[in-house]
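Chains, contacts and geometry: an overview
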Amino acid sequence: MSDKPEKFIDENGLRLDGRRIDEIRPMKMEIGVLSRADGSCYLEWGKNKILAAVYGPRELHPRRLQKADSVLIRYRYNMAAFSVEDRIRPGPSRRSTEISKVSREAFEPVVLTHLYPGAVIDVFAEVLQADAGTRTAAINAASMALADAGIPMKGLVSACAVGKVDGQLVLDLNKAEDNFGDADIPMAITSEGEISLIQMDGDVTQEEFKKAIEMCKEGCRQILEIQKETLKNKFTKLDEVEIPEDEEEDVSALVESTLTSADEGEACEDEEVVEEADAEDDSEDVDDVEDVEDDEEAEDEDDVPEEKADEVVEADPSFEDVEEEEDENPEDDEEETV
Ligand code: ADP
């Protein structure tokens, strides 16, 4: 780790990386980068590089984990072993568990969870390169991946940190400011201006705290513009896709039939198909019961026809690890959630 700089802000009011105190690092992002995820985003913010992937909503198994009236959101923040200067020990740590928890909660006010009772949405935020502010960068990327997956949300979530160096508040801390500064206050703010995550490490006065919130809101407003622009670009590009004339009829027929079946709901299902499916289900039930020893598991598996198995998600061990991880790195800094 480099030594503490003598000064963080020069006589012209510029920081070590040449930014003004209220300026965020350059940010760029791209969505839809992973073909196997339902939604994804690659984000670069200063030297941070984050990949976010969203899977779902999918039916959650085992059923005892399901929430009867809403979707379960699971969030896994993970730093790749090669993301920091000294190689990081792979697997969950106290720090990543804490960040996963508070980041998941940052999305709870915006995701319309009641639309998918019993389902799960998995969010993975992988830090490929870390350079201070990774939790906020990951939230920005996850927000875009959720939008890319078409998850119904009231709005996007944007996140940024405010800190204190040389007695002054600064927006979006760089590595030196994060390591040696007097305070670090990461926040996530919804597009409606609601704070959905705020943590604090270090000391600030009440006045400074209020000012930090205002600075952060302004930073998040700028980030929200970049996020909206990225989404707009993607959908403008989709609009520009031209359908060849000879395929136009097929496409409109397909749209028409999709809308009709959506209107008619299950009533339009072919009786024969329903009967066949029932028969298959029954035969699988017999096999399943023979194979499964545990009663509870048997109950879950009975209800899942084989052809649906792909759509059903098992309890993800990586999330369980996160929840059950013991404090193996007690020396890790844990920020106080306000
Ligand atoms: P954030 O990345 O959200 O600012 P921290 O304040 O905990 O979270 O970490 C600040 C920076 O310190 C990280 O962005 C990363 O560059 C570095 N860092 C964090 N944890 C480790 C670690 N275990 N080993 C090496 N560097 C780390």
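Located above this text is the structure these notes cover.
Before going into details, it helps to say that this report is about the structure given with it. Along each chain, numbering runs from 1 in the same order as the chain's sequence is written. Reporting in this predicted model follows two pLDDT cut-offs: at least 70 for local features of residues, and 80 or more for side-chain atom pairs to be given and counted; totals over whole chains, interfaces and linings ignore these cut-offs and use all residues. The side-chain numbers reported here are obtained from all heavy atoms of the structure, hydrogens and water having been left aside.

A word on the site of the ligand. What surrounds the ligand is a group of 14 residues, the closest being Arg-95, Ala-132, Gly-133, Thr-134 and Arg-135. In protein, a polar contact requires one atom able to donate a hydrogen and another able to accept it; more generally it is a pair of N or O atoms within 3.5 Å, and residues adjacent in sequence count only if both atoms are side-chain atoms. Separating an oxygen atom of the ligand from a backbone N or O atom of Gly-133 is a distance of 2.8 Å. One of the side-chain nitrogen or oxygen atoms of Thr-134 is found 2.4 Å away from an oxygen atom of the ligand. Each accessible area is a Shrake-Rupley result for a 1.4 Å probe, and residues are judged covered by the shown protein chains and nothing else. A total of 520 Å² of accessible area belongs to the ligand in isolation, and the protein chains cover 78% of it. Lys, Arg, Asp and Glu make up the charged group, whereas Ala, Val, Leu, Ile, Met, Phe, Trp, Tyr, Cys and Pro make up the nonpolar group; the residues left over, Gly among them, are polar. A class-by-class count of the residues in the shell around the ligand yields five nonpolar, two polar and seven charged. In these notes, residues near a molecule or strand are those with any non-hydrogen atom within 4 Å of it.

A run of H or I in DSSP counts as a helix once it spans at least four residues, and a run of E counts as a strand once it spans at least two, with each numbered from the N terminus. When you line up the elements, Val-54 lands in strand S3 (residues 48-60). For Val-54 and Arg-36, which are 18 residues apart along the polypeptide, the C-alpha to C-alpha distance reads 9.7 Å. Contacts between residues were defined by any pair of non-hydrogen atoms, one from each residue, lying within 4.5 Å. Setting aside residues up to four positions removed in sequence, Val-54 forms contacts with Ala-37, Asp-38, Gly-39, Ile-121, Asp-122, Val-123, Ala-142, Ala-145, Leu-146, Ala-149 and Ile-151.

Opposite charge on two side chains lets them pair, provided their charged atoms get close. By definition here, a salt bridge exists when the distance from a side-chain nitrogen of Lys or Arg to a carboxyl oxygen of Asp or Glu is within 4 Å. Evaluated as defined, the whole model comprises 21 salt bridges. Across the pair Arg-135 and Glu-98 runs a salt bridge, and its minimum N-O distance is 3.3 Å. Here the residue Arg-135 occupies a position in helix H2 (residues 134-148), and Glu-98 occupies one in helix H1 (residues 94-107), the gap between them amounting to 37 residues. When accessible area is computed with a 1.4 Å probe and restricted to protein chains, residues below 20% of their type maximum are described as buried, those above 50% as exposed, and intermediate ones as partly exposed. A residue is classified by how much of its surface remains accessible, and Arg-135, at 10% relative accessible area, is buried. Using a relative accessible area of 9% as the deciding quantity, one classes Glu-98 as buried.

This part is about the packing of aromatic side chains. Pairing of aromatic side chains requires ring centres within 6.5 Å, counting the rings of Phe and Tyr and the six-membered ring of Trp. Pairs whose planes differ by under 30 degrees are stacked, by over 60 edge-to-face, and all others tilted. One pass over the structure, following the stated rule, counts two aromatic pairs. Its guanidinium or amino end placed over the ring of Trp-45, Arg-25 lies 5.5 Å from that ring's centre, counting from NZ or CZ. Any Lys NZ or Arg CZ found within 6 Å of a ring centre and within 35 degrees of that ring's normal is scored as a charge over the ring.

Once that is clear, we can look at the environment of Tyr-77. With respect to the helices and strands, the residue Tyr-77 is situated in strand S4 (residues 72-79). Expressed as a C-alpha distance, the spacing of Tyr-77 and Ser-96, which sit 19 residues apart in the sequence, is 5.9 Å. When neighbours within four sequence positions are excluded, Tyr-77 is seen to be in contact with Arg-95, Ser-96, Ile-99, Ser-100, Ala-125, Val-127, Thr-134, Arg-135 and Ala-138.

This next bit is on the pairing of strand S8 (residues 183-190). Most of S8 is tucked away, with eight of its eight residues classed as buried. Burial of S8 is two-sided: the residues Ala-183, Ile-185, Met-187 and Ile-189 facing one way and the residues Asp-184, Pro-186, Ala-188 and Thr-190 facing the other way are all buried. For two strands to be treated as a pair, DSSP must find at least two bridges joining them. As defined by bridge partners, strand S6 (residues 157-165) adjoins S8 across eight bridges and the pair is classed as antiparallel. Following the sheet pairing, Lys-164 is matched in S8 by Ala-183. As judged from the five bridges shared by S8 and strand S9 (residues 195-202), these two strands associate in the antiparallel manner. The residue bridging Ala-188 from the neighbouring strand is Leu-197, located in S9. Connecting the antiparallel pair S8 and S9 is a turn made up of four residues, with Gly-193 showing a positive phi of about 90°.

Glancing now at the nonpolar core. Counting 62 residues, the largest nonpolar core has Leu-43, Tyr-75, Phe-107 and Ile-139 as the members making the most contacts within it. Judged by nonpolar contacts, the second largest core, of seven residues, contains Phe-8, Ile-9, Ala-176 and Phe-180. As used here, the term nonpolar core means buried Ala, Val, Leu, Ile, Met, Phe, Trp, Tyr and Cys residues forming a set that is joined through side-chain atoms within 4.5 Å.

Note on definitions: angles span 0 to 180 degrees between N-to-C directions of axes, and those axes are lines fitted to C-alpha atoms, for helices only across the stretch in contact. Between H1 and H2, the least distance of the axes is 11 Å, while the angle of their chain directions is 45°. The pairing of H1 with H2 is recorded here as oblique in orientation. Crossing of H1 against H2: the hand is right-handed. Judged by residue contacts, Arg-95, Glu-98, Ile-99, Ser-103, Ala-106 and Phe-107 of H1 engage Thr-134, Arg-135, Ile-139, Ala-142, Ser-143 and Leu-146 from H2. Here the contact of H1 with H2 is built from residues that sort into six nonpolar, three polar and three charged. Working definition: roughly parallel below 35 degrees, roughly antiparallel above 145 degrees, roughly perpendicular at 65 to 115 degrees, and oblique for all remaining angles. Working rule for handedness: look at the near helix, and if it is turned counterclockwise from the far one by less than a right angle, call the crossing left-handed; if clockwise, right-handed.

Residue position: Val-84 is located in the loop between S4 and H1. Excluding its chain neighbours within four sequence positions, the residues that come into contact with Val-84 are Met-79 and Ala-130.

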